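As a plain string of letters, each chain reads:
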Amino acid sequence: MNKEKKKRAPGGAAASAVGIACNLALAAAKITVGALFGLVSVMADGFNNLSDCGSSVVSLVSFRVADKPADKEHPYGHRRAEYIAAMITGLLVLFLAVELLRESVDTIVSGGDAHNSWIVYLVLGISVAVKAGMFVFYRAAAKRLGSDALKAAATDSVCDCAATAAAALGIVIMQLTDFPADGWAGILVALFIVWQGAKILLEASSKLLGQAPDEELIDRMKAIIHAGEGVLGMHDLLVYGYGKGVTFATVHIEMDAATPALKSHAVLDAIEHRVKDELNVTLTAHLDPVDLADEQARELEKKVREAVEDTDGLEVHDFRLIRGAEDKVVFDVGAPYSCPKTDAQIREEAEDKVKALGSYVPVVTIDRR
């Protein structure tokens, strides 16, 4: 993980610096040409590149912040700063879309007034080529570094290509006809940019709120856990992500209660180390001892499972039979988020099914998964 951090921070900073340099050059060229030839659309495109510089600065700062080690106020590190940077980029993209939409409508209403010059087409052509190159560059860097901020910058570069190409096409059509083509093309581009900006915001905000872990990661963790010596089963696997390369997880692992405590601990310890080495996930495993010699409890557990797990994807785990003046049947019911029933309904139905099996006092806990 430390090697990854050493490679990641300089790589992200370098990618952001390239973005700042390219966007500054494009902004200067477009604003100058737009002012000289009275092309508001070209000037607006230049100011868009200037705003992209701001996005690159945000990305650069986010890499610096994300690279900071964990501290007392942030014990899990600062990697989620990149999600915030991606959201800021998404907001800037949406701001661009609104400005393009407003400008396009004004152009349609006024009819526009385009001027022909090979310098205009040269600048716009170079801009499209540079932005296309930046898209490829950002996308490769985002994939290599696992950065949402750079992924958002790649999307923004595609939007810029479309906006610049539409501006150039609109100028050509306007010079050949009286139709305000650049205005209508601008509206289409603006709507496309709104869609891209919304995608950036939704994805970044979802990860910031705590997005569900990747299914492939879950499957690999389960395979490692089930491969542990003497492991009978597992449940309550919870995964928490705090940014690229910072992932924690907890799980309950079932083993024979007759297994010596030191041996059980060694098995769980080996599983935790393997998950860390192979998946870079810090796992904390909790031992759930299962009394395989208690035939009455095992038979009762089987009946409870058959009664409770028959519908809605419910799953029984952490089963215990506590004997006393009144025998208590204690267990958890795992319920998928897609289950339409409330926790209270699931609990009540499970309790009724247990009572139907005999004079037991059910103690049921509901886990959503």
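Preceding this paragraph is the structure being described.
Here the structure is a predicted model, which means the values were calculated and not measured. (Residues numbered from 1 in each chain as written. Predicted model: local features only at pLDDT ≥ 70, side-chain atom pairs only at ≥ 80, totals over all residues. Heavy atoms only, no water.)

*Asks:* Mind showing me how you'd approach the nonpolar core here?
*Replies:* Soluble globular proteins tend to pack their nonpolar side chains together in the buried interior. Residues Met221, Val251, Ile253, Ile271, Val275 and Leu283 are the most contacted members of the largest nonpolar core, which totals 20 residues. For this core, the secondary-structure elements that each account for two or more residues are helix H7 (215–226), strand S1 (231–241), strand S2 (247–256), helix H8 (261–279) and strand S3 (281–290). Of all the elements, H8 adds the most residues to this core, at five residues. Apart from residues no more than four positions distant in its own chain, Leu283 is found in contact with Met221, Ala249, Thr250, Val251, Ile271, Glu272 and Val275. Counting residues in each nonpolar core, the second largest holds 19 residues, with Phe331, Ala335, Ile346 and Ala350 among its members. (Core = buried A, V, L, I, M, F, W, Y, C linked by side-chain atoms within 4.5 Å. Buried < 20%, exposed > 50% of the residue type's maximum accessible area, 1.4 Å probe, protein only. Helix = DSSP H or I, 4+ residues; strand = E, 2+ residues; numbered from the N terminus. Contact = heavy atoms within 4.5 Å.)

*Asks:* Would you take a moment to explain the pairing of strand S4 (residues 315–322) for this structure?
*Replies:* A regular strand carries its side chains on alternate faces of the sheet. Across six bridges, S4 lies against strand S5 (residues 328–335) in antiparallel orientation. Counterpart to Leu321 in the pairing with S5 is Val329. Counting the residues in the hairpin turn of S4 and S5 gives five residues. (Pairing = 2+ DSSP bridges.)

*Asks:* Sorry if this is basic, but what is going on with the packing of helix H4 (residues 118–145) against helix H5 (residues 148–176) here?
*Replies:* The relative placement of two packed helices comes down to the angle between their axes together with the axis-to-axis distance. Orientation of H4 relative to H5, taken along the N-to-C sense of each, is 160 degrees, at an axis distance of 8 Å. Compared by their axis directions, H4 and H5 come out roughly antiparallel. When the axes of H4 and H5 are compared, the crossing they make is left-handed. Classifying every residue of the contact of H4 with H5 gives 20 nonpolar, four polar and four charged. (Axes fitted to C-alpha atoms, helices over the stretch in contact; angles between N-to-C directions. Parallel < 35°, antiparallel > 145°, perpendicular 65-115°, else oblique. Left-handed = near helix turned anticlockwise from the far one by under 90°. Nonpolar A, V, L, I, M, F, W, Y, C, P; charged D, E, K, R; others polar.)

*Asks:* What exactly am I supposed to notice about the sheet that holds strand S6 (residues 361–368) here?
*Replies:* Whenever strands of a sheet pair, they do so through backbone hydrogen bonds, lying parallel or antiparallel. Strand order in the open sheet made by the three strands is S4-S5-S6, with mixed pairing throughout. Lying at the two open borders of the sheet, with one neighbouring strand each, are S4 and S6. Looking at each pair of strands side by side, their axes are set apart by 15 degrees on average, direction ignored. Summarising the sheet, S5 and S6 pair through eight bridges and their orientation is parallel. For Val330, the partnering residue across the bridge sits in S6 and is Val363. Sheet strands in contact with helix H9 (residues 295–308) are S4 and S5, and its direction is about 145 degrees off that of S4. Relative to S6, helix H10 (residues 343–355) is tilted by about 145 degrees, and along the sheet it contacts S5 and S6.

*Asks:* Is there a simple way to explain the environment of Gly34 in this structure?
*Replies:* Within the fold, Gly34 resides in helix H1 (residues 2–37). In this structure, the C-alpha to C-alpha distance between Gly34 and Val120, residues 86 residues apart in sequence, is 8.0 Å.

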